[in-house]
Amino acid sequence: MSATPSTPGILSTIAAVFRQNRVPCLVLNLFAVALVASYYQVPALAGFWESVGDFKTHWSFVFSCVSTMFAAAIMPTFIQMAMGTLPAEGRWKRLALLMLFWGYRGMEIDLFYRFQSWLFGNGHDARTLITKVVVDQFVISPIWFVPTYVIALRWVEMGASWSRTRPTLNREFWTRTCPMVLITNWLIWIPALALVYSLPAALQFPLFSVVMCFFILVVTVMTRGKNGVDKEGS
């Protein structure tokens, strides 16, 4: 049997992922558009955003660590607990592991944004924005962000046991699970990142954190009563 999915299979997978995520995708990107518009078009709110940027610049990687930890680990865990969809056994260990992973991942993403700014500049022209989004979503995400994210979450769900996790990283994992997560990532984050990169460097990570926070909130509420795990992006 071939390890490579057929073209019809890939297309049906893309269609299924789109149907599952079209609502949060639309809601979140409209929300991100409103936030970016508030910075550029509403002077009173622009001052607020400038203060957020100053706060981010002052606290640097501490901000990126704590904000991502809250958005991707603490908030969804407590929402799942409130909805009764998170098993009681091992929940605090799970939360601690997720906080460690997302705290690190937040600083990593912040560093990557800085690298993109150093490499391509901070221009807001179409060429710069497209270049940053392409490198983000079609180079670093398939190679690093998505696979390591999925492996880390699986490791957490396996109780931090690598011996239990390793056998699950099989053909299906690499040919179905990772591609589906990557497609979901593209649907949400390609338009969102175009907005993120359109802001000044100091405000890019704060907007990323806000989008991440509300994305996980929407998906967690939508999955009420299901036995799945929430999905996050890069």
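Quantities reported herein were computed from a predicted structural model and do not represent experimental measurements.

Brief notes about the overall build of the protein chain
Part 1: In terms of regular secondary structure, the protein chain is built from seven helices and zero strands.
Part 2: Helices and strands in the protein chain line up, N terminus first, as α-α-α-α-α-α-α.
Part 3: Classification of the 234 residues of the protein chain by burial places 44% in the buried group.
Part 4: Contacts in the protein chain between residues far apart in sequence, at least 24 positions, make up 73% of those at least 6 positions apart.
Part 5: Accessible surface, the protein chain: about 12,100 Å² in total, of which carbon and sulfur atoms supply 71%.

Some thoughts on the nonpolar core
Soluble globular proteins tend to bury their nonpolar side chains together.
Part 1: Grouped together as the largest cluster of nonpolar side chains are 51 residues, with contacts concentrated most on Trp102, Tyr113, Trp189, Leu207 and Met212.
Part 2: Counting residues per element, the ones that place at least two in this core are α1 (7–41), α2 (43–83), α3 (91–120), α4 (126–157), α6 (171–196) and α7 (201–222).
Part 3: Top contributing element to this core by residue count: α4, with 10 residues.

Brief notes about α2
Helical geometry: 3.6 residues make up each α-helical turn, so side chains three or four residues apart lie on a common side.
Part 1: Its 41 residues give α2 an end-to-end C-alpha distance of only 39 Å, which falls more than 12% under 60 Å, the value for a rise of 1.5 Å per residue.
Part 2: Largest kink in α2: about 105 degrees, centred on Trp59.
Part 3: Gly84 sits one or two positions beyond α2 and adopts a positive phi of about 75 degrees.

Observations concerning unusual backbone geometry
Part 1: In this model, Ser60 sits at a positive phi of 50 degrees, which is unusual for a non-glycine residue.
Part 2: For Ala160, which is not a glycine, the phi torsion comes out positive at approximately 65 degrees.
Part 3: Tracing the backbone shows Ala160 in the loop between α4 and α5 (162–165).

Thoughts on the confidence of the model for the protein chain
Part 1: For the protein chain, mean pLDDT is 83; residues scoring 70 or higher make up 83% of the total.
Part 2: Taken as a whole, residues 222–234 scores under 50 in pLDDT and shows 39 contacts with residues more than four places along the chain or in a different chain.

Structural notes on the pattern of salt bridges
Part 1: Going through the model one piece at a time under the given rule, you end up with four salt bridges.
Part 2: Where Lys56 meets Asp110, a salt bridge forms, and the shortest distance between an N and an O atom there is 3.1 Å. Remark: Asp110 occurs in helix α3 and Lys56 occurs in helix α2; sequence separation between them is 54 residues. There is no split in this pair, since Lys56 and Asp110 are both buried.

Observations concerning α3
Part 1: Taking 1.5 Å as the rise per residue, α3 with 30 residues should run 44 Å; its terminal C-alpha atoms sit 42 Å apart, in good agreement.
Part 2: Gly121 lies just past α3 and shows a positive phi near 85 degrees.

Digging into a nonpolar patch on the surface
Part 1: On the surface, Tyr104, Met107, Ile130, Val134, Phe138, Val139, Ile143 and Trp144 cluster together into a nonpolar patch covering about 750 Å² of accessible area.
Part 2: Contributions of two or more residues to the nonpolar patch are made by α3 and α4.
Part 3: On the accessibility criterion, Met107 (32% relative accessible area) is partly exposed.

Parameters and conventions
- Residues numbered from 1 in each chain as written.
- Predicted model: local features only at pLDDT ≥ 70, side-chain atom pairs only at ≥ 80, totals over all residues.
- Heavy atoms only, no water.
- Helix = DSSP H or I, 4+ residues; strand = E, 2+ residues; numbered from the N terminus.
- Buried < 20%, exposed > 50% of the residue type's maximum accessible area, 1.4 Å probe, protein only.
- Contact = heavy atoms within 4.5 Å.
- Areas by Shrake-Rupley, 256 points an atom, 1.4 Å probe, with all protein chains shown as cover.
- Core = buried A, V, L, I, M, F, W, Y, C linked by side-chain atoms within 4.5 Å.
- Expected span 1.5 Å × (residues − 1).
- Bend = angle between axes of the 7 residues up to and from the residue.
- pLDDT = per-residue confidence, 0-100.
- Salt bridge = Lys/Arg side-chain N within 4 Å of Asp/Glu carboxyl O.
- Patch = residues over 30% accessible without salt bridge, like charges linked within 9 Å, V, L, I, M, F, W, Y side chains within 5 Å.

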